[in-house]
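# Topology and contacts: notes
Each chain, written out:
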Amino acid sequence: MRVVGTFFAMMVVLLVATSELASLAANPPDRQIAVTIDDLPAGAAHGMSAAEITSMTTKLLDVLRQQKIPAVGFVNERKLYYKWGEVDERIKALNMWLDAGFELGNHTYGHTSLNQAGLKDFEDSVIQGESITRLLLTQHNRKLRYFRHPYLDTGRDLQTRREAEGFLVARGYRIAPVTLDAWDWNFAGIYDDARRRGDSALQQEIVRSYLSYHSEVFAYYEKLSKDLIGYEPKQILLLHANFLEAEHIGELLDMIRKRGYRFITLEDALSDAVYSLPDTYVGEEGTGWLDHWAITRGQPPQKTPVFPPEMLERSKALPRGAPPQ
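The model shown is predicted, which means the values in this text are computed figures rather than measured ones.

### A few points about the overall build of the protein
Along its length, the protein carries 13 helices and eight strands. Sorting the 325 residues of the protein into buried and exposed places 51% on the buried side. For the protein, the share of sequence-separated contacts (at least 6 apart) that also reach a separation of at least 24 residues comes to 83%. Surface summary for the protein: the accessible area is close to 15500 Å², and the carbon and sulfur share equals 56%.

### So, the packing of helix α2 (residues 50–66) against helix α3 (residues 87–99)
Packed helix pairs are specified by the crossing angle of their axes together with the interaxial distance, meaning the distance between the axes. As a packed pair, α2 and α3 sit with axes 9 Å apart at the nearest point and diverge in direction by 5°. With respect to α3, the element α2 is oriented roughly parallel. Seen from α2, the contacting residues are Ala50, Ala51, Ile53, Thr54, Thr57, Thr58, Leu60 and Leu61; seen from α3, they are Glu89, Arg90, Ala93, Met96 and Trp97.

### Some thoughts on unusual backbone geometry
In this structure, the amide linkage connecting Leu40 to the following residue, Pro41, adopts the cis form with an omega of 5°. If you trace the backbone, Pro41 turns up in the loop between β1 (31–40) and α2. At Asp39, a position not held by glycine, the phi torsion is positive, near 70°. Residue placement: Asp39 occurs in strand β1. According to the relative accessible area criterion, Asp39 is buried, its value standing at 0%. Here the phi dihedral of His111 falls at roughly 55°; this positive angle occurs in a residue that is not glycine. Here His111 shows up in the loop between β3 (103–106) and α4 (114–117). The buried category is assigned to His111, whose relative accessible area is 6%.

### Notes on the nonpolar core
By size, the foremost hydrophobic cluster in this structure holds 94 residues, and its most contacted members are Ile37, Leu64 and Ile256. The biggest single contributor to this core is helix α9 (residues 200–229), with twelve residues. With near-sequence residues (within four places) excluded, Ile256 lies in contact with Ile33, Phe218, Leu237, Tyr261 and Phe263.

### Topic: the confidence of the model for the protein
This prediction gives the protein a mean pLDDT of 92; 90% of its residues lie at or above 70. Across residues 1–25, confidence stays below pLDDT 50; counting only partners more than four residues off in sequence or on other chains, it has zero contacts.

### Quick look at the pattern of salt bridges
By the definition in use, this model includes 25 salt bridges. Note that Glu284 and Arg156 form a salt bridge whose closest N and O atoms lie 3.2 Å from each other. Residue Glu284 is located in the loop between α11 (266–269) and α12 (289–296), and its partner Arg156 is located in the loop between β4 (146–147) and α7 (158–170); the two are separated by 128 residues in the primary sequence. A residue is classified by how much of its surface remains accessible, and Arg156, at 42% relative accessible area, is partly exposed. One salt bridge in this structure joins Glu165 and Arg161, with 2.8 Å as the shortest N-O distance.

What counts and what doesn't
- Residues numbered from 1 in each chain as written.
- Predicted model: local features only at pLDDT ≥ 70, side-chain atom pairs only at ≥ 80, totals over all residues.
- Heavy atoms only, no water.
- Helix = DSSP H or I, 4+ residues; strand = E, 2+ residues; numbered from the N terminus.
- Buried < 20%, exposed > 50% of the residue type's maximum accessible area, 1.4 Å probe, protein only.
- Contact = heavy atoms within 4.5 Å.
- Areas by Shrake-Rupley, 256 points an atom, 1.4 Å probe, with all protein chains shown as cover.
- Axes fitted to C-alpha atoms, helices over the stretch in contact; angles between N-to-C directions.
- Parallel < 35°, antiparallel > 145°, perpendicular 65-115°, else oblique.
- Core = buried A, V, L, I, M, F, W, Y, C linked by side-chain atoms within 4.5 Å.
- pLDDT = per-residue confidence, 0-100.
- Salt bridge = Lys/Arg side-chain N within 4 Å of Asp/Glu carboxyl O.

Right, here's the structure in full:
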């Protein structure tokens, strides 16, 4: 009788677990995500011609438009001036975003880190980074309303952080946080190198690794979200303007959809109350806002996904000396 009872109990547990899995499959969580893209007109603008930037932008925007993905692009205006004689065409690449119905935000003039440059230089770079972007938005009857910190550096001490936030609010900005970031910029450099050399096999390897790492990052922060705040908030994804995204963002969007996400605007994402949680994070290096909230609560994330070592080694082996992306 004891064996029969144990077997019966096991069957009940199995049936309950199966029922719960079936319920989850039938009623998946309402996952929502906003797409943001940094370093316009192009992350590697220092080494690209205006024609290449236009080509990259066209490919990227075609996919976003065809798939009806809302997106905000964040501009480093210094990238418009790397090659005199091409400034007008580089500005036209920004205009392509607005003509296609997307929005632009400020990412400072020179990708200036608040942690490294100090408050005054940071503020100057914010102001200098507004001129062309604000003009283009005005021509499209829109306002400049979003700011993204370069490197996600929000300050090395709380006073500097709060003063910078006050400065940004006074200029009419809403800070654009990030909750999902799989370092696509680090894949992009080695992808560009393989692309220039015509190494299609390596390009495919990079894309597989890029997609796999995104999947790991998503899974980790989805779980952290539920553990930390009890639900999965409206997430904000960080990507960058580069050929890797231009040529393969469609595959990433497919992966995101398969995880149950629907795409929303940044404005909609920021309506989630989670973005008003207490946040006192400061540090030498920037990080995402889920990390901010966890550290603020004294629960620093553990065992975060590790960037693929083979890709990191390839990235470190690339020639250095280019302006920061």
